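Here's the letter readout for the chains.
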Amino acid sequence: DKGGWSSFMAKEVSEEPEAIANTVRGRIRDGLVSIPELDGLDELFAGINRIIVVACGTAAYAGMVGKYAIEQWARVPADVELAHEFRYRDPVIGADTLVVSISQSGETMDTLMAVKYARERGAKTLSICNTQGATIPRESDAIVYTHAGPEVAVASTKAFVAQITALYLLALHISHVRGTLSDTEVRQQVLELEAVPDKIARVLEDEQAHIEQFARWMGDTQSVLFLGRHVGYPIALEGALKLKEISYIHAEGFAAGELKHGPIALIEPGQPVFVIVPSPRHSPLLHSKVVSNIQEIRARGARIIAVAEEGDAAVLPYADEVLRIPLADPLFEPLLAVVPLHIFAMGLATAKGLDVDQPRNLAKSVTVE
Ligand code: BG6
């Protein structure tokens, strides 16, 4: 039931705030992270010196965001690998490795095979999944469910933000078990996380109509580029994937720092480029680097669409469009910055008269390798 929305995707984007809130609910005690499903499983985290996240598509981008939090808070080296690449390359894994799989459906064959392979090699496995009782969680040593609710549209939206949320809870849990963050530090991050749903609701309220109008206006665009740095990089990849999936437009996401090593050759007059701009208050150095990237491509005629923090005036002279997100600590910005990109992809596909819920050639869960 679309509940009055024009598509499941529109409904699911509107549910991004509650997908996060419901994933956090029941997992906080005295302001600290306490995940009931992980009770008694401290041993799973004690002996590990490495985390490998395996996933496909949007779930892999959630994993890339999670890597920053796992390393920053829990101080465990973390890597993200596409599940279908992982088991074909003889990876170095064993009892000291925790393999974290992420899957909305819990049935993606590529991810399932990676989990089975990891177990055979003696690694510990933990599954982040949105579907109770699915195959991947049943094959794993531990499960942290995302509580995004059923996701019907093929392109993942609310499950993506719930996956990042679950990874953050997991990272804070491991930080606590391993003592890499003090209770005060964990409490601070928990407060930041709990503030995210209201901030997303504000993006939806303040920006949705503006972004949809802008997307309609971009209806005949042939190609869109996305740039991001640090946690904005996986968000750039996700923005591009969403556009490919539902509006069939050529789109690429790049790490902003990589621009001068290749992608800048693509810039010609009129080329639309979304830029995820880091916070000037929290990350002044990264902010200034991204602003200079904007200047470089603007000088070559790019049309800049900046996703920037409220009050960031530095982008104004160079941006053709500014999509505003509320202030947040750097690790929480991706949860906000992705929302305008989801709305944009949906708006553009709708403007082209496409079925946003059932894009051609794609299936919600791919149960063959
Ligand atoms: C793809 C879907 O086939 O599988 C994507 O079209 C999804 O939306 C990816 O991100 C992974 O799916 P899952 O269920 O493992 O998260």
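Residues numbered from 1 in each chain as written. Predicted model: local features only at pLDDT ≥ 70, side-chain atom pairs only at ≥ 80, totals over all residues. Heavy atoms only, no water.

(A) Main features of empty space enclosed by the protein. Taken as a whole and judged by the stated rule, the model has one cavity of 30 Å³ or more. Roughly 100 Å³ of internal volume is contained in the largest cavity. If you go around the largest cavity, you meet 14 residues; those closest to its centre are Arg229, Val231, Gly232, Pro278 and Glu333. Secondary-structure elements contributing two or more residues to the lining of the largest cavity are helix H10 (232-247) and helix H12 (333-351). Among the elements that line the lining of the largest cavity, the one with the most residues is H12, at three residues. Tallied by class, residues from the lining of the largest cavity come to nine nonpolar, three polar and two charged. (1 Å grid on protein atoms, 1.4 Å probe; cavity = no way out; pocket = protein on both sides within 12 Å on 5 of 7 lines; lining within 4 Å. Points joined across faces, edges and corners; volume = space filled by probe spheres on them. Helix = DSSP H or I, 4+ residues; strand = E, 2+ residues; numbered from the N terminus. Nonpolar A, V, L, I, M, F, W, Y, C, P; charged D, E, K, R; others polar.)

(B) Expanded view of the sheet that holds strand E12 (residues 321-325). Spatially, E9-E8-E10-E11-E12 is the arrangement adopted by the five strands of the open sheet, whose pairing is parallel. The sheet is open, and its two edges are formed by strand E9 (250-255) and E12, each paired on a single side. For this sheet the average axis-to-axis angle between neighbouring strands, irrespective of direction, equals 20°. Bridge analysis of strand E8 (residues 223-228) against strand E10 (residues 272-276) gives three bridges, and the strand direction is parallel. Bridge assignment links Phe226 to a residue of E10, and that residue is Phe274. The sheet contacts of helix H9 (residues 183-217) involve E10, strand E11 (303-309) and E12, and relative to E12 the element is tilted by about 155°. Contacting E8, E9 and E10, H10 runs over the sheet at an angle of about 175° to E9. (Pairing = 2+ DSSP bridges. Axes fitted to C-alpha atoms, helices over the stretch in contact; angles between N-to-C directions. Contact = heavy atoms within 4.5 Å.)

These figures capture arrangement, not role.
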